[in-house]
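# Overview (structure and organization)
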Amino acid sequence: MKKTFTYLFLSFLSLTVIAQQKNVKPDSRLADLDAVLNKVLKDQKVAGFAVAVIEGDQVIYSKGFGYRDVENKKTVTPNTLFAIGSSSKAFTSALLGLLEKEGKLSLDGKATTYLPQLRFFNENMNNHITVRDMMCHRTGLSRYDYSWYLFNTPNRDSIIQRVKYMEPNAGLREKWQYNNFMFLAQGMIAEKLTGKTWEQNIKEKFFIPLEMTRSNTSIYDMQKDADASLPYTLEKDSIIKKVDYYDISGMGPAGSINSSVNEMANWLKVWTSGGYYHKKEILPSSYIGQAASAQMVMEGALPGEFKDIYSASYGFGWMISSYRGHYLVEHGGNIDGFSANAAFFPADKIGIVVLTNQNGSAVPALVRNSIADRVFKLANIDWNGRQNKKKEEAMKKKKAEKPEVEMVQVLNTRPSHSTKSYVGFYENPIAGTIDVSQSADSLFAVLGKQRIFLKHYHYDVFEARDIDKKGEIDTASSNFRINFSFGTDGKITGVSLPLDGRSVVFTFRPKEVALTKEMLETYKGDYNLGKTVVKVYLKDKTLCVSLPGQPDYETTSIGGDSFNINALTGYSLKFERNGDQIESLTFKQPNGNFKAVRKK
């Protein structure tokens, strides 16, 4: 599954600088910047990117490089829209800063009080996790990104319900761990307290007053814009390839803003001015002070090769570090086909934003650093050259290294079950449902919106192969393998997938077989189970079974005269017939099979 689980970083395209905002006066400190960034464009093999630099309330540099549409040679301008990904997080947390000012919320208040549908893994978490804890990634939860990325849905209520199944791997406030769900929760708190959607709040509180007239929160709105970039990734380290836009509206508060460097420059002006834009307060200075200060240590980050670059902490939607004697506040962003970085130096009133249409790109950070060196008149570090050297060393190391020991394929093996036995739904409450189907003798699966071919590897292990839009199956071998499991009764019980560095188990549920009411009528009747009479009856179009002293159980038809008991995992009914007549039923359960004969 290359699209989902492989990030490609390298490609090649030599392009030249295209557009310049005419009303920006040249800054002598940035005299060589065009040449530097053109070299970045070439060496880092990126389709295009845009840059804006502010000092105080002035834009001192604003340009676009390369192409927003490679095929049609449409150039990037400072007004080109890009997806900014997680650089959106500071916007979302800022909404809560405004709500705190209005007295509607306390950042140290219990999160579940403000959003009752938010529930955590245990009561201790429910009772002690604060809004502040979510804002600075210290809840004890790791990422669980496969849950929302693979099993995507626009329904926020559905996504937030998954949190209660996420087991923490650290104590509260013990460890910094990035978690997108906690920013979804912040957006939903704003929705709850304002009665408006997150999208409406972002537009009203920030886009309109900051004159960010073309910025938006919908990938569909972005596509309608006449100056919007297409998303790209790299294939085989050399080919720039267009990919699909990815709609993450359900997880929107964590990263669905689309903007240009010119409009993002206005957002950075708010942060370098202490909360103001054109002398109008946008954010309280008290909130700015908290958001741009260390709330949680990310890691020690001692000085390395460069003695003046160190420290790594997190504020509210911002990362904080020391860059060569200057206090740096920044946040990157990555989503399919786009990478971003928004940064500012509060003591220097400098802001830098870099947006690119390359997937998982190093460009935003190295461009930001190259600009900072020049603005602060520091001895220039060749960040582009260093990145080139890193790539070269990585390639040499890869060639020199012995291949990793992979699972050894056991040849000439067969699956333990017939193909149709694997067909069904596989469910996990943190993620969602995998739909496994059969076509001829082959198995296919749907994970979210992605359809894959399951190629037998060995025993009950299958290899996932991508299927493109034309329906063609990727012929290249994949190391993404899934493993089906079965119980002591020999029936398939689930499948495990390697997701986010862990093995995640999805429980098997057979697909329901539709039966008419007339067909269901044939199973009705009383059945003698020893001295106990079992009643089988219809409630609307649902077959139910009743035993003395127990609640009535609804069932689901799974074909072959078999029915699963919905409320009991591992319990089912199998009716036996003689010709057209049902003669008995067998209760199949973990502690054995029990037969009941139908009364004449």
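Criteria and thresholds
- Residues numbered from 1 in each chain as written.
- Predicted model: local features only at pLDDT ≥ 70, side-chain atom pairs only at ≥ 80, totals over all residues.
- Heavy atoms only, no water.
- Helix = DSSP H or I, 4+ residues; strand = E, 2+ residues; numbered from the N terminus.
- Buried < 20%, exposed > 50% of the residue type's maximum accessible area, 1.4 Å probe, protein only.
- Contact = heavy atoms within 4.5 Å.
- Areas by Shrake-Rupley, 256 points an atom, 1.4 Å probe, with all protein chains shown as cover.
- Lys, Arg positive; Asp, Glu negative; His and termini not counted.
- Charge placed at Lys NZ, Arg CZ, Asp CG, Glu CD.
- Pairing = 2+ DSSP bridges.
- Core = buried A, V, L, I, M, F, W, Y, C linked by side-chain atoms within 4.5 Å.
- Axes fitted to C-alpha atoms, helices over the stretch in contact; angles between N-to-C directions.
- Parallel < 35°, antiparallel > 145°, perpendicular 65-115°, else oblique.
- Phe/Tyr/Trp six-rings, centres within 6.5 Å; stacked < 30°, edge-to-face > 60°.
- Lys NZ or Arg CZ within 6 Å of the ring centre and 35° of its normal.
- Expected span 1.5 Å × (residues − 1).

### Some details on the overall build of the chain
A count of helices and strands for the chain gives 16 helices and 32 strands. Its C-alpha atoms give the chain principal-axis dimensions of about 100 × 60 × 45 Å. Residue burial in the chain is summarised as follows: out of 600 residues, 52% are buried. Counted over contacts in the chain with a minimum sequence separation of 6, partners at least 24 positions apart contribute 59%. If you sum the accessible surface of the chain, you get close to 28000 Å²; carbon and sulfur atoms cover 51% of it. Separation of charge centres in the chain, based on 78 positive and 65 negative side chains, amounts to 0 Å.

### Concerning the pairing of strand S25 (residues 525–529)
Pairing of S25 with strand S26 (residues 532–539), which is carried by five bridges, proceeds in the antiparallel orientation. Bridged to Asn528 within S26 is Val533. Taking the residues between adjacent antiparallel strands as the criterion, S25 and S26 are bridged by two residues, where Gly530 takes a positive phi near 65 degrees. Summarising the sheet, S25 and strand S32 (residues 592–598) pair through two bridges and their orientation is antiparallel. The residue of S32 that forms the bridge with Asn528 is Val597.

### Some words on unusual backbone geometry
A positive phi angle, near 75 degrees, is found at Ser311, a position not held by glycine. Mapped onto the elements, Ser311 comes out in strand S12 (residues 309–314). The exposure class of Ser311 is partly exposed, given its relative accessible area of 30%.

### Comments concerning the nonpolar core
The biggest cluster of nonpolar side chains holds 115 residues, and the ones touching the most others in it are Phe206, Trp267 and Leu283. Take this core: its biggest share by element is eight residues, from helix H9 (residues 181–194). Once residues within four sequence positions are removed from consideration, Trp267 is found in contact with Ala90, Phe91, Ala94, Phe206, Leu210, Met212, Leu283 and Trp318. Listed in part, the 30 residues of the second largest apolar core include Leu30, Ile350, Val375 and Phe376.

### Concerning the sheet that holds strand S19 (residues 442–447)
With respect to topology, eight strands assemble into a closed barrel ordered S17-S18-S19-S20-S21-S22-S23-S24, the strand pairing being antiparallel. In this sheet, neighbouring strand axes are inclined to one another by 35 degrees on average, regardless of whether the strands run parallel or antiparallel. Bridge analysis of S19 against strand S20 (residues 450–458) gives five bridges, and the strand direction is antiparallel. Each residue of the ladder has a partner; that of Leu447, found in S20, is Gln450.

### Focus on the packing of helix H3 (residues 89–101) against helix H10 (residues 198–207)
Direction vectors running N to C along H3 and H10 enclose 75 degrees, while the axes themselves pass 10 Å from each other. As the angle between them shows, H3 and H10 are arranged roughly perpendicular. Facing H3, whose interface residues are Phe91, Thr92, Ala94, Leu95 and Leu98, H10 presents Trp198, Asn201, Ile202, Lys205, Phe206 and Phe207.

### A word on the packing of aromatic side chains
Inspection of every chain in the model, using the stated rule, returns 32 aromatic pairs. Ring plane angle 70 degrees and centroid distance 5.3 Å describe the contact between Phe206 and Trp267, whose orientation is recorded as edge-to-face. Taken as a pair, Phe206 in helix H10 and Trp267 in helix H12 (residues 261–272) lie far apart in primary sequence, 61 residues in all. Pairwise contacts between aromatic rings join Phe91, Phe206, Phe207, Trp267, Trp271, Tyr287, Phe316, Trp318 and Phe344 into one cluster. Looking at Lys73, its charged tip hangs above the ring of Tyr67, at a distance of 5.8 Å from the centre.

### Notes on H12
Under the 1.5 Å per step criterion, the end-to-end length of H12 is 16 Å for twelve residues, consistent within 8% with the ideal 16 Å. Counting buried residues along H12, twelve of its twelve residues qualify, which places the element largely inside the surrounding structure. Among all positions in H12, only Val261, Asn262, Glu263, Met264, Ala265, Asn266, Trp267, Leu268, Lys269, Val270, Trp271 and Thr272 are buried. Looking one or two residues past H12, Gly274 carries a phi angle of roughly 85 degrees, positive in sign.

### Let's talk about the sheet that holds strand S30 (residues 572–578)
Read around the closed barrel, the eight strands follow the order S25-S26-S27-S28-S29-S30-S31-S32; overall the barrel is antiparallel. Geometrically, the sheet is characterised by an average inter-axis angle of 35 degrees between neighbouring strands, direction not taken into account. Sheet topology places strand S31 (residues 581–589) next to S32; six bridges connect them, and they run antiparallel. The partner of Ser584 across the bridge, within S32, is Val597.

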